[in-house]
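Each chain is listed here by its residues.
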Amino acid sequence: FFDKKLIAKNFSKASKHYDKSALVQKLAAEKLCNILSPFLTTKSSIIDLGSGTSSLYKSLTSQDNFCHKEYKLFELDLSLSMLKHWEGKNSKLIYPIVGDVDYLPFKTASFDLIVSSFSLQWVHDFETIFSQFSQMLTNDGILAFCIPNSLSLQEIKAASIQSGCNFHLNDLPKISDLEENLMKCGFKKYYLESEIIKSEFENPIQALKSLKEIGANYSGPKNFISKDKLQHFENFCLKNNTHDNKKFAISWNISYFVFSI
């Protein structure tokens, strides 16, 4: 099980510079909102789970089909610092909540649309949470989320093992498992697609640092990583780097799910 207190602490630390570092997350959120655009004219009660610094809010409200004069948007996040980070929100329409996706306090048929970007990978039990989502949605309600899947971060995983550093990297969910659990909970598929987005860094240490800067710590909760170990990892990667530009890449394999109930 994930240590949610540690996750909240990491994201709170990352909040000040999260938007500058989370470029892949921003691109994924924008694509998810583009996919959702045809559905937005009928959705006025929305919750963003793991809202962070409101990337989804900014993308959703910029869509041509998002034309509601009145709507309710709830933003839920583990980190109060993340929720406070952006002050450009209309406070009359936005309801920020500090909370955990694994423990949601909402009634049946509360929302027309549940959205989430780069957040549900922290969920403990997908079948349980998808079942709860199905209860929270209105008739014809939509669940839409993008999530890094188990094929992500292959370069850094391989280098970590081959170098002998064995950094702690959280297991990410398999696409097939997510789809299976959604079907078990009564969801119908509208859209499912995956893509790879790569981030390139000047060196392997910058790549590792980027994981810290988005709150996804690469070290275990009790592990201290010495400078010598980091130097060893960097030397190994530079020696075995086959890219012409000598940069170190991180590949995110991102899946986009749009399912109805």
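Within any chain, residue numbers begin from 1 and follow the written order of that chain's sequence. Under the rules for a predicted model, residues below a pLDDT of 70 receive no local features and side-chain atom pairs below 80 are neither given nor counted, while totals for whole chains, interfaces and linings still include all residues. Side-chain figures throughout are based on the complete set of non-hydrogen atoms in the structure, without hydrogens or water.

### Quick notes on the sheet that holds strand β7 (residues 248-260)
Part 1: Across the sheet, which stays open at both edges, the seven strands sit in the order β3-β2-β1-β4-β5-β7-β6 with mixed pairing between neighbours. Sheet topology places β3 (94-98) and β6 (188-201) at the edges, where each strand pairs with a single neighbour. Neighbour to neighbour, the strand axes of the sheet diverge by 15 degrees on average, direction disregarded.
Part 2: We call two strands paired when DSSP finds no fewer than two bridges between them. Strands are runs of DSSP state E lasting at least 2 residues, helices are runs of H or I lasting at least 4, and numbering of each runs from the N terminus. The pairing of strand β4 (residues 111-117) with strand β5 (residues 137-148) spans six bridges and is classified as parallel. Among the inter-strand pairings, F111 is bridged to a residue of β5, identified as L137.
Part 3: In this fold helix α7 (residues 154-162) packs onto β6 and β7, with an angle of close to 130 degrees to the strand it touches most, β7. Note on method: axes are straight lines fitted to C-alpha atoms, helices fitted across the in-contact stretch only, with angles between N-to-C directions ranging 0 to 180 degrees. Residues count as neighbours in contact if any of their non-hydrogen atoms are within 4.5 Å of one another.

### Let's talk about the confidence of the model for the chain
The predicted structure's coordinates, where accompanied by low pLDDT, should not be read in detail.
Part 1: The quantity known as pLDDT measures the predictor's confidence residue by residue, on a range of 0 to 100. Per-chain confidence: the chain averages 84 in pLDDT, with 82% of residues scoring 70 or above.
Part 2: Here helix α2 (residues 18-21) stands out as the element of the chain with the lowest mean pLDDT, 60, in contrast to helix α8 (residues 175-184), whose mean of 97 is the highest.

### Things to note about α7
Part 1: Those residues of α7 lying buried are I156, A159 and S160. All buried residues of α7 lie within an arc of 105 degrees about the axis, which places them on one face of the element. In α7, those exposed residues whose orientation departs by more than 90 degrees from the buried face are I161 and Q162.
Part 2: Phi for G164, located one or two positions after α7, is positive at around 85 degrees. Using a 1.4 Å probe on the protein chains alone, a residue whose accessible area is under 20% of its type maximum counts as buried, one over 50% counts as exposed, and one in between counts as partly exposed. Relevant arc is that of directions from the helix axis to the C-beta atoms, nothing else.

### Let's talk about the side chain of S119
Part 1: Considering the arrangement of structural elements, one finds S119 in the loop between β4 and α6 (126-136).
Part 2: Setting aside anything within four residues of it in sequence, one finds S119 in contact with L49 and G50.

### Examining the state of the cysteines
Part 1: Our working definition of a disulfide is a cysteine sulfur pair at a distance within 2.5 Å. Here the structure, examined in full by the defined rule, presents zero disulfides.
Part 2: Not engaged in a disulfide, the cysteine C237 finds its nearest cysteine sulfur in C165; these two sulfurs lie 7.9 Å apart.

### Description of the pattern of salt bridges
Part 1: For this analysis, a salt bridge means a side-chain nitrogen from Lys or Arg found within 4 Å of a carboxyl oxygen belonging to Asp or Glu. Per the stated rule, a full pass over the model turns up six salt bridges.
Part 2: One salt bridge connects E195 with K31, and the closest N-O pair in it is separated by 3.5 Å. Residue E195 is located in strand β6, and its partner K31 is located in helix α3 (residues 23-36); the two are separated by 164 residues in the primary sequence.
Part 3: For K247, the salt bridge goes to E202, with nearest N and O atoms at 3.4 Å. With K247 in the loop between α10 (227-240) and β7 and E202 in the loop between β6 and α9 (204-213), this residue pair connects regions lying 45 residues apart in the sequence.
Part 4: With relative accessibility at 49%, the residue E202 sits in the partly exposed group.
Part 5: Ionic contacts of the salt-bridge type, sharing partners, join the residues K31, E193 and E195 into one network.

### Topic: the environment of D102
Part 1: Mapped onto the elements of the fold, D102 is located in the loop between β3 and β4.
Part 2: Measuring from C-alpha to C-alpha, the distance between D102 and Q132 comes to 9.5 Å, with 30 residues separating the pair along the chain.
Part 3: From its side chain, D102 meets the backbone nitrogen of H124 in a polar contact 3.2 Å long. The term polar contact refers here to a pair of N or O atoms within 3.5 Å; inside protein, the definition further demands a hydrogen-donor-capable atom paired with an acceptor-capable atom, and it admits residues adjacent in sequence only when both atoms are side-chain atoms.

### Re unusual backbone geometry
Part 1: At A109, a position not held by glycine, the phi torsion is positive, near 55 degrees.
Part 2: Along the chain, A109 falls in the loop between β3 and β4.
Part 3: Judged by its relative accessible area of 41%, A109 is partly exposed.
Part 4: Positive phi, normally seen in glycine, also occurs at D140, with a value near 65 degrees.
Part 5: Its place among the elements puts D140 in strand β5.
Part 6: Judged by its relative accessible area of 55%, D140 is exposed.

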